[in-house]
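Secondary and tertiary structure notes
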There are 2 protein chains.
Amino acid sequence: MANPTAAMLVIGDEILSGRTRDSNMHHLAGRLTEAGINLNEVRMVADDRTAIVEGVRALAPKHDHLFTSGGIGPTHDDITADCVAEAMSASIDVRPDARAILQAHYDRQGIEMNEARLRMARIPEGATLIRNPISAAPGFTIGNVHVMAGIPAIFEAMVAGILLSISGGDPVLSESIRIDRAEGDIAARLGELAEEFADLNFGSYPFRQNGQYGAHVVIRGTDAHQINHAAALLRVAFGDDAS
Amino acid sequence: MANPTAAMLVIGDEILSGRTRDSNMHHLAGRLTEAGINLNEVRMVADDRTAIVEGVRALAPKHDHLFTSGGIGPTHDDITADCVAEAMSASIDVRPDARAILQAHYDRQGIEMNEARLRMARIPEGATLIRNPISAAPGFTIGNVHVMAGIPAIFEAMVAGILLSISGGDPVLSESIRIDRAEGDIAARLGELAEEFADLNFGSYPFRQNGQYGAHVVIRGTDAHQINHAAALLRVAFGDDAS
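Residues numbered from 1 in each chain as written. Chains lettered and ligands numbered in written order. Predicted model: local features only at pLDDT ≥ 70, side-chain atom pairs only at ≥ 80, totals over all residues. Heavy atoms only, no water.

A closer look at the side chain of B:His105
Applicable threshold: Put simply, DSSP marks the helices as runs of H or I at least four residues long and the strands as runs of E at least two long, and each gets a number from the N terminus on. The contact definition used throughout considers only heavy atoms, calling two residues in contact when any of these lie within 4.5 Å.
Relative to the assigned elements, B:His105 resides in helix H5 (residues 96-109). Among all residues touching B:His105, those that are not within four sequence positions of it are B:Ile134, B:Ser135 and B:Ala136.

Concerning the interface of chain B and chain A
Accessible area lost on assembly of the parts is the figure often given for the size of an interface. As a reminder, the rule being used: Put simply, a salt bridge is a Lys or Arg side-chain nitrogen that is within 4 Å of an Asp or Glu carboxyl oxygen. Each polar contact in these results corresponds to two N or O atoms within 3.5 Å; when the atoms are within protein, one needs to be able to donate a hydrogen and the other to accept it, and residues that are neighboring in sequence are counted only if both atoms are side-chain atoms. Here, a strand pair is defined by DSSP locating no fewer than two bridges between the strands.
Taken together, the contact pairs 54 residues of chain B with 55 residues of chain A. Between the two partners, chain B and chain A, sit two salt bridges. Among the ionic pairs, A:Arg117 bridges to B:Asp185, the shortest N-O distance being 3.1 Å. Inspection of the region where chain B meets chain A yields 16 residue pairs in polar contact (both at pLDDT 80 or more). Of all the secondary structure elements, the ones that give two or more residues to the side of chain B that touches chain A are helix H1 (13-16), helix H2 (24-35), strand E2 (38-45), helix H6 (115-118), helix H8 (183-196), strand E10 (201-209) and strand E11 (212-221) of chain B. Where strand E2 (residues 38-45) of chain A meets E2(B), five bridges bridge the pair, whose relative direction is antiparallel. Of the residues in E2(B), the one forming a bridge with A:Met44 is B:Val42.

Considering the sheet that holds strand E9 (residues 173-179) of chain A
Strand pairing in a sheet relies on backbone hydrogen bonds, with the paired strands running either antiparallel or parallel. Residue and element names in this part refer to chain A. Condition: A fitted line through C-alpha atoms represents every axis, and for helices the fit uses only the stretch in contact; the resulting angles, taken between N-to-C directions, go from 0 to 180 degrees.
The strand order across the open sheet formed by three strands is E9-E11-E10, and the pairing between neighbours is antiparallel. Pairing within the sheet leaves two strands with one partner each, and these edge strands are E9 and strand E10 (201-209). Averaged over all adjacent pairs, the angle separating strand axes in this sheet is 20 degrees, with direction ignored. Sheet topology places E10 next to strand E11 (residues 212-221); nine bridges connect them, and they run antiparallel. The residue of E11 that forms the bridge with phenylalanine 207 is glycine 214.

Remarks on the packing of H2(B) against helix H7 (residues 152-163) of chain B
Residue and element names in this part refer to chain B. Convention followed: Orientation categories follow fixed angle ranges, with anything under 35 degrees roughly parallel, anything over 145 roughly antiparallel, 65 to 115 roughly perpendicular, and all other angles oblique. Crossings are sorted by hand: turned counterclockwise from the far helix by less than a right angle, the near helix makes the crossing left-handed, and turned clockwise it makes it right-handed. Only Asp, Glu, Lys and Arg are considered charged in this grouping, and only Ala, Val, Leu, Ile, Met, Phe, Trp, Tyr, Cys and Pro are considered nonpolar; every other residue, Gly among them, is considered polar.
The N-to-C vectors of H2 and H7 enclose an angle of 20 degrees; their axes lie 10 Å apart at closest approach. What the angle tells us is that H2 and H7 run roughly parallel. The hand of the H2/H7 crossing is right-handed. Contacts between H2 and H7 involve Asn24, His27, Leu28, Arg31 and Leu32 from the former and Pro152, Phe155, Glu156, Val159 and Leu163 from the latter. The class makeup of the residues in the contact of H2 with H7 is six nonpolar, two polar and two charged.

With respect to the relation of the copies chain B and chain A
Here is the rule: Fitting of the copies onto one another was done by least squares over C-alpha atoms, counting residues only where both copies have pLDDT of at least 70.
The two copies are related by a screw operation: chain B maps onto chain A through 180 degrees of rotation and 0.0 Å of translation along the axis, at an RMSD of 0.0 Å. Here the two chains are linked by the operation of a two-fold rotation axis. Considering only C-alpha atoms, the part of chain B nearest the rotation axis is B:Arg43, at 2.2 Å. Both copies share a contact surface, since 100% of the interface residues of chain B are interface residues in chain A too.

Description of unusual backbone geometry
Although it is not a glycine, A:Ala136 adopts a positive phi angle of roughly 75 degrees. By the element assignment, A:Ala136 lies in the loop between strand E6 (128-130) and strand E7 (139-142).

Points about the environment of B:Phe197
All names here are of chain B. Note the threshold: Exposure categories follow from relative accessible area, calculated using a 1.4 Å probe and restricted to protein chains: below 20% of the type maximum is buried, above 50% is exposed, and the middle band is partly exposed.
When you line up the elements, phenylalanine 197 lands in the loop between H8 and E10. Residue phenylalanine 197 is classed as buried on the basis of its relative accessible area, which comes to 6%. Note: C-alpha distance between phenylalanine 197 and glycine 55 (142 residues apart in sequence) is 35 Å. With sequence-adjacent residues up to four places away left out, phenylalanine 197 is seen in contact with Phe202, Gln226, His229, Ala230 and Leu233.

See the structure below:
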């Protein structure tokens, strides 16, 4: 059975301007691979209503899951929740359960609730909340769309929570083989193996060390026996170079 | 006059599997901002023909420039050049000028040219070559699409070359103001300023330091006078906290 598929929508002007280097995409990619879910596509857009709505509408129907990061804080540029509601044709308002979570958090800290903070309790109708163990303001899941914070520590905590409740597929296994020859020398045999083992994925990642070219070949798939077989053939082809 | 716009297509299984953390997007974002070109959208896709062709067809017509990274090496999974040609309805074959560049490079290094390496001389008809000062294999520009290598050192060298020949707009200026108050406390006034100064972009990036919440507010735009004015109003609103 094919593994579930996923897409990600990274939201935030600061990523596109180069001010901030996104780390959430790389984190999610690793966690999904471990969970046997194939991340097939990522889009990064600005804090712009049209871009977010179109992104959700394009990605959610094509994949089993869509994960978003960013734009759910209290400031004017935090428009993700409203845009996701629009894209999913759901109404949105301050929801009592989310408001109660925030109120309890602020009461504990002696911080006043105000209109801006209340924006973080805006949750689309029908969504389930995603717990935020760090700063309380929840994310949410509506349909197959998981809406999370952009701050990496909070994003990562939310991902950990969601992945407990999502069924993955067979874990994706991989074997990495270092070959101390230039990619141009191994490409022909590698291409043959990729055709022969059509269920496996062969990636070639060149490097240069001490002036010598080499490549890491990564064989990925869900069948350990096939991976071992292909790796053995690759080692035979490149003799003592492969380790 | 509005600044030129750009999109980026990051190509590579290794990015989506989490094996490799992409750095090219962040690099390009910074260089484009310096050049006065607005990066509006990024997509990351696998080494998959349909995904690459659709990505180019979706992004190239919407923006002044499309930059791609990855998938122009010698191995079977390097299919970017052929996919871009297909998306742009151009024919593609080994081109004598690109072949001569590669042959000279390999001759100098005593490396044999072979079928795999010759793949890197496949260039769409009508494209201009982008110089690769590191490993010779060129990128290319066809229409408004700039096709570059995925290896960061080569990508960065190619970007530097391209930006010499692209006209940017007014440089985007920015001022960053640190406010030692929680975002929820500054959101209301910040929202007012964002409405008042509609030509400027106000981003709020929360942080937590020694248990205290704060935010960096970044005001971006092309009019230095407006930015200074807005920054002064923000400092007045938050008194000695803002620096």
